[in-house]
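# Chain and residue survey
Residue-level listing of the chains:
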Amino acid sequence: MSYPKRTFLYGVNSKGDNAVLIESLTSYIIRLSEAHVVNLCDLLSYAVAPLLNKDYLINSANRGGNRFYDGAHSLNGFGKNSKDMIECLSILTGQECLEDLTLEPFSKFFGSRYLVRKNMAWCPKCLGCNLYYPLIWSLSSYTICTTHLVQLQEKCTACNKPIPFLHRNSRVGICPYCKNSHFGLNNNENIQIKDIYISKDLEKLFKYVRNGHLFNDQTTMQTNFQEIINSRFAGTTNHFAKYIGISKTTMWDWCKGKSRPSLKQVLEISFKLGVSCLELYNKIEINKIKELGVTGGNSQRKEKREKIVICKDKVKNYLSKIEDQIETYQPITNIAKELNCSTKYLYTNFSEYCKRISFNNRRIKENIEKERTKEILVLIKEQFIKETVNGIPTRNKIEEKLQMPCLFKNRTFKDYYFELCLNHGFLS
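Because the structure is a prediction, the values reported are computed rather than measured. (Residues numbered from 1 in each chain as written. Predicted model: local features only at pLDDT ≥ 70, side-chain atom pairs only at ≥ 80, totals over all residues. Heavy atoms only, no water.)

## A look at the packing of helix α1 (residues 25–35) against helix α5 (residues 80–93)
When two helices pack together, you describe them by how their axes are tilted relative to each other and by the distance separating the axes. Two elements in contact, α1 and α5, have axes whose closest approach is 12 Å; the angle formed by their N-to-C orientations is 35 degrees. Crossing geometry of α1 relative to α5 is assigned as left-handed. Each of Leu25, Tyr28, Ile29 and Leu32 in α1 lies in contact with α5, whose residues at this interface are Ser82, Met85, Ile86, Leu89 and Thr93. When grouped by side-chain class, the residues that make up the contact of α1 with α5 number seven nonpolar, two polar and no charged. (Axes fitted to C-alpha atoms, helices over the stretch in contact; angles between N-to-C directions. Helix = DSSP H or I, 4+ residues; strand = E, 2+ residues; numbered from the N terminus. Left-handed = near helix turned anticlockwise from the far one by under 90°. Contact = heavy atoms within 4.5 Å. Nonpolar A, V, L, I, M, F, W, Y, C, P; charged D, E, K, R; others polar.)

So this is what it looks like as structure tokens:
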């Protein structure tokens, strides 16, 4: 009879047979500590840290600190931290395929930016039934439980604190701060159709990848964007970029393959176009966009503005009058509006006038600032002398009385305060 190889820790099986609700790695670590009846901090300090041999984790175990716990959300994503933890836990427990508890299978299709939320979110009803945290809950774009149609809870209802993915006292369904239970509470406020659509779309994406399907190469999305631009936006990239709410430069980079959209951006685009994000990663059918009512209104080119003819002599005379008003502040932008032209036109054709007017504006502005500074210095001195009756006048007290918060962040006022303290014998 053959026996399985002995491991340092009991090999807890991961939860979630459903491809959509597979357990997250941080949830697995919490349940691993519960299975061994130890605090999570002890599990990390005496089992995980020595094997990982990471300075920051060893220092955290020996001296305290939250560096590891603050960055624990990255364990559910993909990258070196996630891979190192998977390898470590596989050795300790003998469990294989722990990478399925992370977003590693998705790493080739979108970046890690804004992918995983910083703190936990959960459906109280699902948590009460299943006693684990599914990986999909850790995605920042997944905000609605589609089973119970409730918004995921993001803070403890008792102490109103966000719950980190890992905490020294982490337990499934229990707040590590106030020990309040997170089971069975409903939160169905402010549910939007868009949030439901995106959450369901994410579930389709999870199911597709978890069932072993692969996307086409990364150039497919570039081709899809170009087809959408050509067929629905008259070949104008700027119109498509404006429709989905991004800059033209970003859209150009996507179409040329210089960068790729994040998962959150892909989900936003799929919602606006009325198609699944799976179709953006695969070959899209343009006809589906038409059926769902995306109109070509944005593709209509703007009518050219009527060209305005400006008399240069008139502009010159106007600028000359402005220049003579040496005590009046006149920004070039305001002058351009008055003349119904652009500032570029003025600087190109009347650069000397513009330079002299701008110089005069700076002089006026500096004089106003100097006068204001003098007034404030007088107020500071007066209030300083008033406060000497009660002892040393503090900066906070002077700011409060003058109703000028952050006054002494200004270097001039701060130096003047210390000068007053020195003159009145409060500083030696």
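Continuing now.
## Topic: unusual backbone geometry
The phi dihedral of Leu149 falls on the positive side, at around 50 degrees, and the residue is not glycine. Turning to its location among the elements, Leu149 is positioned in the loop between β1 (144–145) and β2 (150–151). Residues other than glycine seldom take positive phi values, yet Ala234 does so here, at roughly 55 degrees. Counting through the fold element by element, Ala234 comes out in the loop between α8 (219–232) and α9 (237–244). A residue is classified by how much of its surface remains accessible, and Ala234, at 41% relative accessible area, is partly exposed. (Buried < 20%, exposed > 50% of the residue type's maximum accessible area, 1.4 Å probe, protein only.)

## Description of the environment of Gly11
With respect to the element layout, Gly11 can be found in the segment before α1. Along the chain, Gly11 and Leu32 lie 21 residues apart, while their C-alpha atoms are 8.3 Å from each other. Here Gly11 is in contact with Tyr28, Thr93 and Gln95, once residues within four sequence places are set aside.

## A word on the pattern of salt bridges
Close approach of charged atoms lets side chains of opposite charge pair. Applying the stated criterion to the full structure yields seven salt bridges. Between Lys194 and Glu268 there is a salt bridge, and its shortest N-O distance comes to 2.8 Å. Of this pair, Lys194 sits in helix α7 (residues 193–210) while Glu268 sits in helix α11 (residues 263–273), and the two are 74 residues apart along the sequence. You can call Lys194 partly exposed: its relative accessible area is 28%. Across the salt bridge formed by Asp415 and Arg411, the nearest N and O atoms sit 3.6 Å from each other. A residue pair is termed a helical-turn pair when its members lie 3 or 4 positions apart in one helix, as Asp415 and Arg411 do in helix α19 (residues 411–423) at four residues. Note on Arg411: relative accessible area 60%, which makes it exposed. (Salt bridge = Lys/Arg side-chain N within 4 Å of Asp/Glu carboxyl O.)

## Notes on helix α17 (residues 351–387)
The terminal C-alpha atoms of α17, which comprises 37 residues, lie 53 Å apart, in line with the 54 Å expected from a rise of 1.5 Å per residue. Those residues of α17 that sit buried are Tyr353, Cys354, Ile357, Ser358, Asn360, Asn361, Ile364, Ile376, Ile380, Gln383, Phe384 and Glu387. (Expected span 1.5 Å × (residues − 1).)

## Re the nonpolar core
Trp137 and Leu205 are the most contacted members of the largest nonpolar core, which has 85 residues in total. Tallying contributions element by element places helix α2 (residues 40–52) first for this core, with eight residues. (Core = buried A, V, L, I, M, F, W, Y, C linked by side-chain atoms within 4.5 Å.)

## Comments concerning a nonpolar patch on the surface
Taken together, the side chains of Phe418, Leu422 and Leu427 define a hydrophobic patch exposed on the protein surface, amounting to about 260 Å² of accessible area. You can see Leu427 is positioned in the segment after α19. By relative accessible area, which is 38% here, Leu427 ends up partly exposed. (Patch = residues over 30% accessible without salt bridge, like charges linked within 9 Å, V, L, I, M, F, W, Y side chains within 5 Å. Areas by Shrake-Rupley, 256 points an atom, 1.4 Å probe, with all protein chains shown as cover.)

## A look at empty space enclosed by the protein
Enumeration over the complete set of coordinates arrives at four cavities of 30 Å³ or more. Around the largest cavity, the lining residues are Gly111, Arg113, Tyr114, Leu115, Leu139, Ser140, Ser141, Leu202, Ser262, Leu263 and Lys264. (1 Å grid on protein atoms, 1.4 Å probe; cavity = no way out; pocket = protein on both sides within 12 Å on 5 of 7 lines; lining within 4 Å. Points joined across faces, edges and corners; volume = space filled by probe spheres on them.)

## Let's talk about the packing of α2 against α5
In the contact formed by α2 and α5, the axes pass within 10 Å of each other and the chain directions differ by 120 degrees. Taken together, the axis directions place α2 and α5 in an arrangement best described as oblique. For the element pair α2 and α5, the recorded crossing hand is right-handed. Facing Ala47, Val48, Leu51 and Leu52 of α2, the residues of α5 in contact are Asp84, Met85, Cys88, Leu89, Ile91 and Leu92. (Parallel < 35°, antiparallel > 145°, perpendicular 65-115°, else oblique.)

## Focus: the confidence of the model for the protein
Averaged over every residue, the pLDDT of the protein is 85; residues scoring 70 or more account for 89%. Low pLDDT, under 50, characterises residues 291–300; the stretch is placed with 18 contacts to residues that sit more than four places away or in other chains. (pLDDT = per-residue confidence, 0-100.)

## Remarks on α9
When α9 is considered as a whole, its buried residues turn out to be Thr237, His239, Phe240, Ala241 and Ile244. At its buried positions, α9 is contacted by α8, α10 (248–256) and α11.

## Examining the packing of aromatic side chains
Taken as a whole and judged by the stated rule, the model has 12 aromatic pairs. Relative to Phe271, the ring of Tyr197 lies with its centre 5.3 Å away and its plane at 70 degrees, an arrangement referred to as edge-to-face. Of this pair, Tyr197 sits in helix α7 while Phe271 sits in helix α11, placing them 74 residues apart in sequence. Seen in terms of ring centroids, Phe233 and Tyr243 are 5.5 Å apart; in terms of plane orientation they differ by 55 degrees. Their pairing is tilted. Here Phe233, found in the loop between α8 and α9, pairs with Tyr243, found in helix α9; they are 10 residues apart in sequence, far enough to count as distant. A residue is classified by how much of its surface remains accessible, and Tyr243, at 24% relative accessible area, is partly exposed. (Phe/Tyr/Trp six-rings, centres within 6.5 Å; stacked < 30°, edge-to-face > 60°.)

## Regarding the side chain of Glu387
Tracing the chain through its elements places Glu387 in helix α17. With no salt bridge to any partner, buried Glu387 finds its closest opposite charge in Lys401, at an N-O distance of 4.9 Å. (Lys, Arg positive; Asp, Glu negative; His and termini not counted.)

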